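Structure at a glance
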Amino acid sequence: MNLFFPTDAAVADNTLPIEKAPRLWMPKRVVFTAEAINEPFGQKIYERISGLNLPIEILKNNRITGLRGETERETYKLAKSTLAIVNAPAGHFKLRPIPPSADFQFHLAEGCPAHCQYCYLAGSLSGPPAIRAFANLPAILENTTNYERLDKLTSFEASCYTDPLSIEHLTGSLSETIRFFGNRPSSHLRFVTKFDAVDPLLNIAHNGNTRCRISLNAEVASRRLEGGTSGIAARIKALRKLALPKEQGGGGYPIGVVLAPIMPVPGWKEEYAQMLEQLQQALNFSSNLTFELITHRFTPGSKDVLM
Ligand code: SF4
């Protein structure tokens with residue numbers, strides 16, 4: 001079955017996202033575990049979310065229930081509209097290398113509110129796909145200093161298990177992390193996003209220690225497969241903002257384009273050329289830019305989960 005390019009019938013039937021306006025995700029349910037609400041950073045998240053008038057539950061224990069529906073579809077729907085504020089378990093403090101992207105990966109959260117049909121998170125994270133943000137972030141950040149190498153810059157990737165910008169308006173975790181790395185000349189932070197709400201990042205003292213990457217694709221692939229994300233034009237605009245010098249109102253960040261996953265869409269040459277032309281027009285100034293081109297690893301296991 002052709003997973004990547006759904007039938008015209010499915011598109012006409014309106015069962016797939018065609019138009020996406022940039023927007024901030026608002027969960028239908030927010031749950032704090034007992035240990036998360038007792039963390040100082042958990043309290044900060046609580047204050048931020050309280051200001052958004054979202055329904056908040058504070059648990060007496062650390063076990064989140066109510067994420068399973070009667071069918072797989074219901075479970076997906078329930079979990080994907082839930083934001084859980086939890087403490088990262090002990091295993092997250094043993095950082096794993098992630099070549100060639102970075103020296104190490106670490107996590108601000110697990111899960112993502114978007115619905116990309118090829119997303120590998122579905123096969124990497126177990127249980128219902130609720131979005132879990134970590135209240136013990138200061139300890140997570142401090143722990144990364146134990147992995148700094150003495151002989152060279154050490155790079156840390158923060159977007160292996162989440163899209164950190166997708167929940168930034170709810171947690172503030174990404175800003176906190178960029179500030180933390182801003183004071184660490186021997187370490188570099190990297191993250192990647194398919195969202196465009198970059199304004200809160202523009203005035204952070206990052207000292208060039210964070211590379212903000214935006215994931216791009218041919219418009220047709222994004223429209224059909226990347227539900228719940230920001231549109232391609234909005235992402236390109238966001239990338240421009242991140243890269244523009246501070247004196248011109250931008251963030252002055254090193255930036256990156258992650259072209260992924262590259263898809264053999266009909267008319268791919270024209271489709272990709274069009275997107276790259278838009279990008280070229282938006283980045284009409286000198287910037288510190290990297291490119292990553294990535295294909296999809298569609299293993300039998302991941303195919304099974306995604307189907
Ligand atoms: S934005 Fe990234 S993490 Fe989120 S669903 Fe899409 S591919 Fe997965």
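Refer to the structure printed above.
Keep in mind it's a predicted model, so treat the numbers as computed, not measured.

A cluster of nonpolar side chains, contributed by Ile-262, Leu-276, Leu-289, Phe-291 and Leu-293, occupies part of the molecular surface with about 430 Å² of accessible area. At three residues, the largest contribution of residues to the nonpolar patch is made by strand 14 (residues 289-293). In this structure, Ile-262 sits in the loop between strand 13 (255-259) and helix 11 (268-282). Ile-262 gets classed as partly exposed once you look at its relative accessible area, which sits at 36%.

All right, on to the environment of Leu-174 then. Within the fold, Leu-174 resides in helix 8 (residues 173-182). Leu-174 sits in the buried class, given a relative accessible area of 1%. C-alpha of Leu-174 to C-alpha of Thr-193: the two residues are 19 residues apart in sequence and 11 Å apart in space. Here Leu-174 is in contact with Leu-108, Pro-164, Leu-165, Glu-168, Phe-191 and Leu-201, once residues within four sequence places are set aside.

Take the pattern of salt bridges next. Inspection of the entire model under this criterion finds twelve salt bridges. Ionic pairing is found between Glu-157 and Arg-190, a salt bridge with its closest N-O pair at 3.7 Å. On the criterion of sequence distance, the pair formed by Glu-157 in strand 9 (residues 154-157) and Arg-190 in strand 10 (residues 187-193) is long-range, its members being 33 residues apart. Comparing Glu-157 with Arg-190, the two get one shared label, buried. Across the salt bridge formed by Arg-190 and Glu-292, the nearest N and O atoms sit 3.4 Å from each other. One end of the pair, Arg-190, is in strand 10; the other, Glu-292, is in strand 14, with 102 residues separating them in the sequence.

Glancing now at the site of the ligand. Taken together, Cys-112, Ala-114, Cys-116, Cys-119, Leu-121, Asp-163 and Lys-194 make up the full set of residues adjacent to the ligand. Of the residues that constitute the shell around the ligand, the class distribution is five nonpolar, no polar and two charged.

Okay, the sheet that holds strand 1 (residues 29-32) next. Strand order across the open sheet formed by five strands is 2-1-3-8-6, with mixed pairing between neighbours. Bordering the open sheet on either side are strand 2 (56-58) and strand 6 (109-110), each of which pairs with just one other strand. Bridging between strand 1 and strand 2 involves three bridges; their strand directions are parallel. Bridging from a neighbouring strand, Val-30 pairs with Ile-56 of strand 2.

In terms of nonpolar packing, the biggest core is built from 81 residues, with Ile-49, Leu-83, Ile-85, Phe-106, Leu-201, Leu-216 and Leu-242 touching the most fellow members. For this core, the element with the highest residue contribution is helix 10 (residues 232-243), accounting for six residues. Apart from residues lying up to four places away in sequence, Leu-201 is in contact with Leu-165, Glu-168, Leu-174, Ser-175, Ile-178, Phe-191, Leu-242 and Tyr-253.

Time to look at the side chain of Asn-217. The residue Asn-217 is located in the loop between strand 11 (210-216) and helix 9 (219-225) in this model. Looking at Asn-217, its side chain comes within polar contact range of the main-chain oxygen of Ala-260, at 3.3 Å. A polar contact is formed between the side chain of Asn-217 and the backbone oxygen of Pro-261, at a distance of 2.9 Å. If sequence neighbours within four positions are ignored, Asn-217 has contacts with Glu-226, Ile-232, Leu-259, Ala-260, Pro-261, Met-263, Tyr-272 and Met-275.

Once that is clear, we can look at the packing of aromatic side chains. Within the structure shown, the criterion is met by seven aromatic pairs. With 5.6 Å between their ring centres and 70 degrees between their planes, Phe-32 and Tyr-46 make a pair best called edge-to-face. With Phe-32 in strand 1 and Tyr-46 in helix 3 (residues 40-50), this residue pair connects regions lying 14 residues apart in the sequence. Taking the ring centre of Phe-181 as reference, the NZ or CZ of Arg-184 above it sits at 4.6 Å.

All right, on to the packing of helix 10 against helix 11 then. At a minimum axis distance of 9 Å, the contact between helix 10 and helix 11 shows a crossing angle of 30 degrees. If you check the angle between helix 10 and helix 11, you find them roughly parallel. Relative to helix 11, the crossing made by helix 10 is right-handed. Together, Ile-232, Ala-233, Ile-236, Leu-239 and Arg-240 of helix 10 and Met-275, Gln-278, Leu-279 and Ala-282 of helix 11 make up the contact between the two elements. Looking at the contact of helix 10 with helix 11 residue by residue, the classes come out as seven nonpolar, one polar and one charged.

Let us look at the side chain of Arg-29. Summarising the element assignment, Arg-29 is placed in strand 1. Owing to a relative accessible area of 19%, Arg-29 belongs among the buried residues under this scheme. Within the structure, Arg-29 has its side chain in polar contact with the side chain of Glu-57 (distance 2.8 Å). Setting aside residues no more than four positions away along its own chain, Arg-29 makes contact with Pro-55, Glu-57, Thr-65, Gly-66, Leu-67, Ser-81, Thr-82 and Leu-83.

Moving on, we come to the packing of helix 6 (residues 137-144) against helix 8. Direction vectors running N to C along helix 6 and helix 8 enclose 30 degrees, while the axes themselves pass 11 Å from each other. Relative to helix 8, helix 6 is oriented so that their crossing is right-handed. Here Leu-137, Leu-141, Glu-142 and Thr-144 of helix 6 lie close against helix 8, whose contacting residues are Ser-173, Glu-176, Thr-177, Phe-180 and Phe-181. Class assignment for the residues of the contact of helix 6 with helix 8 results in four nonpolar, three polar and two charged.

What counts as what
- Residues numbered from 1 in each chain as written.
- Predicted model: local features only at pLDDT ≥ 70, side-chain atom pairs only at ≥ 80, totals over all residues.
- Heavy atoms only, no water.
- Patch = residues over 30% accessible without salt bridge, like charges linked within 9 Å, V, L, I, M, F, W, Y side chains within 5 Å.
- Areas by Shrake-Rupley, 256 points an atom, 1.4 Å probe, with all protein chains shown as cover.
- Salt bridge = Lys/Arg side-chain N within 4 Å of Asp/Glu carboxyl O.
- Helix = DSSP H or I, 4+ residues; strand = E, 2+ residues; numbered from the N terminus.
- Buried < 20%, exposed > 50% of the residue type's maximum accessible area, 1.4 Å probe, protein only.
- Contact = heavy atoms within 4.5 Å.
- Near = heavy atom within 4 Å.
- Nonpolar A, V, L, I, M, F, W, Y, C, P; charged D, E, K, R; others polar.
- Pairing = 2+ DSSP bridges.
- Core = buried A, V, L, I, M, F, W, Y, C linked by side-chain atoms within 4.5 Å.
- Polar contact = N/O pair within 3.5 Å; in protein donor to acceptor, adjacent residues only side chain to side chain.
- Phe/Tyr/Trp six-rings, centres within 6.5 Å; stacked < 30°, edge-to-face > 60°.
- Lys NZ or Arg CZ within 6 Å of the ring centre and 35° of its normal.
- Axes fitted to C-alpha atoms, helices over the stretch in contact; angles between N-to-C directions.
- Parallel < 35°, antiparallel > 145°, perpendicular 65-115°, else oblique.
- Left-handed = near helix turned anticlockwise from the far one by under 90°.

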